[in-house]
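Each chain, letter by letter, is given below.
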Amino acid sequence: MLFRRSGISFADWIRTWICVIVASFFSQASPVSAQDPLQSDIGSLVVEPFGQEVFREGYVTIRWSGVDAPGGYRVTDEDGRLVYAGRQPQFFVSGLSDGQHAFQVTAVDQEGRVVAKSDRPVSVRVEHWPLAYAFWAFGTGLTVVVVFVAVIVWGHRATGARATGIRATGTRVGGDAS
Amino acid sequence: MNPVMLLADAEPILNPRDGYILLTIFGVLWIALGLWWGRRAKTYEGFAVAGRNVGLALGTATAVATWITSNTTMLAPQFALQLGVWGALGYATASFGLFAFAPVSGRIRTLMPHGFTAVEFIRCRYGIWGYVPFLLISLFYALTWLISMSMAGGKLLEVLSGIPYPVGMSVVLAVCVLYTLFGGMYAVIGTDFIQSLVIIVGLIVVALAILSTVEISDVHTELQQRRPMLLSVFFPAALMSLFNNMLFGFGEIFHSNVWWSRAFAMREGVGPKAYLLAGFLWLPIPIVAGFLGLAAPALDIGISQPDTVGPLVAATLLGNVGALLVFVVVFCSLASSIDSLLAATADLIVGDVWSPAFRAVRGTALDDAGKRRWSTFTILLLGAIAWIAAFQNLGTLATVLFFAGPMVASCIWPILGGLYFRQPGPIAAASAMVSGTLVGLVAYFQIGWFVGSLVGATVSGIVFLAVTAMMPKTFHFSTMSYEGDSA
């Protein structure tokens, strides 16, 4: 009766509600975003290194994957300065001092529009080897090299003097240093 | 300086068609030279050691060309990019290996006037105990070097001209295998002479062109602000690597048959002068190449792979002409090293593996024709192994090459002690090589590639001295000189 007085049949009412329910179901399945429609098209790049790895030499290769970039990739440092622009999905940086260094990676299309980016800047922690280690290695190396050169010089002189003596007496060349 | 981000890796500098044309021209020319010089190799002695009659000019040129490898033009800039000014200087210390080998080459010629290989010396001096570890180290290092050269060829051609890595690597390796096969040591030394002239002239032109494009003071300012550690005198990793590089250079030269075969090929008395002169000619080259590595971050040239920084910077700054020059210089440096490795390693395997095996099985020595046949087979086999490994393109040039660092550095004391002193015996030599290699490799993996050779050489030296003191022998050097076939 209610439906007839409003001019809508029960079947129409049911169909309407079914459409509303189905529409709301689909709208729940698709994430609702309050973002700009263009932002929702931006993909995500998976960037490594992950985690708390410490880099002791001040250099690191940052790699990423996830999206092809027809226009290439861009990497900016924590000051927003562009430090890499190219097609390879990796970037090498060196000469970093102790501390945390952040880099943001974006992928662009041929018009330069961003098509993907790293969810958050990749953070690289640099802690150089202690100077004491460096001095030990330097000192050890210097000692080994000095001894090496001294042995060559001494051996060369000793065998040269002995060979000269042997030649003078007319016997075979090819003596030893000791 | 106006910091403009130069689009690295976006497009190759040279047109791929130009790259293929250059590759074809050089490939055909080098193979033709191999065939032409190969006519002189009528005996195995001619094929293996160029008749033992190489003079000072060719001797110096071959030493310079062989030591200017693609590592010099690609690894030296990588060192500078990773380890700063110390990295470039550290790489230059590899010339000290040539200086050190100068007097030693004369001693080698005196002791073994009819010798062919370094392994032969170790076998005569230390017997089976020294022979086995040294042979394994020599073969492993030779293959590692060969693979790293092949990789470098592929990477270079891809960076400069877009030729796919597998194609470029395969063509470079195939050309070197062919002309070495046809011409032996005559072809190797002859092409080295041409290559050394091309390399030196090319590097001078590239260096002058770069210096006219870039102000050193601007590079210094940019690096100080943005990459300060590259200029730091107290850069820890760089300090740790300095003597590591030098000892690696000593180990490379002292153990490798590439250098011993040249000592045997040079006329009496020429070796010391040739190696000394070669050291002085080679010394400035990695410093010039290293500047390219330092220039990259200062000029905002983004780098994806550190071992391509040298060619990439030169080509980016100098355009097509620079790319062409770099292409030619690096091709020549690659070819000059790959051919030397193939020839010297084949000599080693023929003289110290196939010949003794043949004698053990057949009871007679391999004749000249037999040695030539086995040389041919060995060169082809080495080429195939290098191709299969290089095809994978694993690691950078530094990590591939310096893995062998502890092994070669552990050989320097047994060789030096064995050449000049009677007391070191087989157990001292073997234990020095094994302990130096093992401990050096532990340091390589636990700390880094920049200390492996230093630790290997230090441990090897201590063990060699200790065991010699505990078990001294009395070796008679007169037993080392002999006529004819390897004993």
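It should be emphasised that the depicted structure is a prediction, and the values quoted were computed from it without experimental measurement.

Enquirer: Got a minute to help me understand the overall build of chain B in this structure?
Expert: Secondary structure assignment for chain B yields 19 helices and zero strands. Over its C-alpha trace chain B gives a radius of gyration of 22 Å, about what one expects of a compact globule, namely 23 Å for 487 residues. With the C-alpha coordinates aligned to their principal axes, the bounding extent of chain B is approximately 70 × 50 × 40 Å. Per-residue burial over chain B gives 64% buried out of 487 residues. For chain B, contacts bridging at least 24 residues in sequence account for 87% of all contacts bridging at least 6. Carbon and sulfur atoms make up 72% of the accessible area of chain B, which amounts to about 15,800 Å² in all. Computing the positive centroid from 22 side-chain charges and the negative centroid from 21, chain B places the two 13 Å apart.

Enquirer: What is the right way to look at the confidence of the model for chain B in this model?
Expert: The predicted coordinates should not be examined in detail at positions where pLDDT is low. Residues and elements named next belong to chain B. In this model, chain B carries an average pLDDT of 84, and 92% of its residues clear a pLDDT of 70 or more. With pLDDT under 50 throughout, residues 1-10 is counted as low confidence; its partners more than four residues away or in other chains account for 36 contacts. Counted against residues more than four places away or in other chains, residues 482-487, with its pLDDT under 50, gives 16 contacts. Under the prediction, the complex receives an ipTM of 0.81, its pTM being 0.78.

Enquirer: What exactly am I supposed to notice about the pattern of salt bridges here?
Expert: Two side chains carrying opposite charge are able to pair once their charged atoms lie near each other. With the rule as written, the count across this model stands at eight salt bridges over all chains. Ionic pairing is found between R81 of chain A and E222 of chain B, a salt bridge with its closest N-O pair at 3.7 Å. Pair noted here: R81 of chain A is in the loop between β4 (72-77) and β5 (82-86) and E222 of chain B is in helix α8 (residues 216-226), and the two residues belong to different chains. Given the relative accessible area of 11%, E222 of chain B is considered buried.

Enquirer: In this structure, what is going on with empty space enclosed by the protein? I would like to understand it.
Expert: Rolling a probe over the atoms, with the probe sized like a water molecule, indicates the empty space that remains. Residue and element names in this part refer to chain B. The full count for this structure, using the stated rule, is six cavities of 30 Å³ or more. What lines the largest cavity is a set of 16 residues, and nearest its centre among them are W67, Y91, A94, F248 and E252. Of all the secondary structure elements, the ones that give two or more residues to the lining of the largest cavity are α4 (70-92), α9 (236-255) and α15 (397-402). Ranked by residues supplied to the lining of the largest cavity, first place goes to α4 with six residues. Of the residues contributing to the lining of the largest cavity, the split by class is ten nonpolar, five polar and one charged.

Enquirer: What should I look at first to understand the environment of D109 of chain A in this one?
Expert: Residue and element names in this part refer to chain A. Relative to the helices and strands, D109 is located in the loop between β7 (99-108) and β8 (114-118). On a C-alpha basis, the gap between D109 and P70 in space is 4.9 Å, while along the polypeptide they are 39 residues apart. Residue contacts for D109: discarding those within four places in its chain leaves P70, G71 and V115. In this structure the side chain of D109 is engaged in a polar contact, spanning 2.9 Å, whose partner is the backbone nitrogen of E111. At 2.8 Å, the side chain of D109 forms a polar contact with the backbone nitrogen of R113.

Enquirer: Could you clarify how one ought to interpret the nonpolar core in this entry?
Expert: Soluble, globular proteins show a tendency: their nonpolar side chains are buried together. Residues F101 and F254 of chain B are the most contacted members of the largest nonpolar core, which totals 179 residues. When residues in this core are grouped by element, the largest group, 23 residues, is from helix α13 (residues 309-362) of chain B. Look past the residues within four positions of F254 of chain B in its chain and what remains in contact with it is F148 and I152 of chain A together with G97, A100, F101, V104, W260, I412, I415 and L416 of chain B. Membership of the second largest hydrophobic core comes to 21 residues, among which are I62, V105, A107 and V124 of chain A.

Parameters at a glance
- Residues numbered from 1 in each chain as written.
- Chains lettered and ligands numbered in written order.
- Predicted model: local features only at pLDDT ≥ 70, side-chain atom pairs only at ≥ 80, totals over all residues.
- Heavy atoms only, no water.
- Helix = DSSP H or I, 4+ residues; strand = E, 2+ residues; numbered from the N terminus.
- Rg over C-alpha atoms; globule rule 2.2 N^0.38 Å.
- Buried < 20%, exposed > 50% of the residue type's maximum accessible area, 1.4 Å probe, protein only.
- Contact = heavy atoms within 4.5 Å.
- Areas by Shrake-Rupley, 256 points an atom, 1.4 Å probe, with all protein chains shown as cover.
- Lys, Arg positive; Asp, Glu negative; His and termini not counted.
- Charge placed at Lys NZ, Arg CZ, Asp CG, Glu CD.
- pLDDT = per-residue confidence, 0-100.
- Salt bridge = Lys/Arg side-chain N within 4 Å of Asp/Glu carboxyl O.
- 1 Å grid on protein atoms, 1.4 Å probe; cavity = no way out; pocket = protein on both sides within 12 Å on 5 of 7 lines; lining within 4 Å.
- Points joined across faces, edges and corners; volume = space filled by probe spheres on them.
- Nonpolar A, V, L, I, M, F, W, Y, C, P; charged D, E, K, R; others polar.
- Polar contact = N/O pair within 3.5 Å; in protein donor to acceptor, adjacent residues only side chain to side chain.
- Core = buried A, V, L, I, M, F, W, Y, C linked by side-chain atoms within 4.5 Å.

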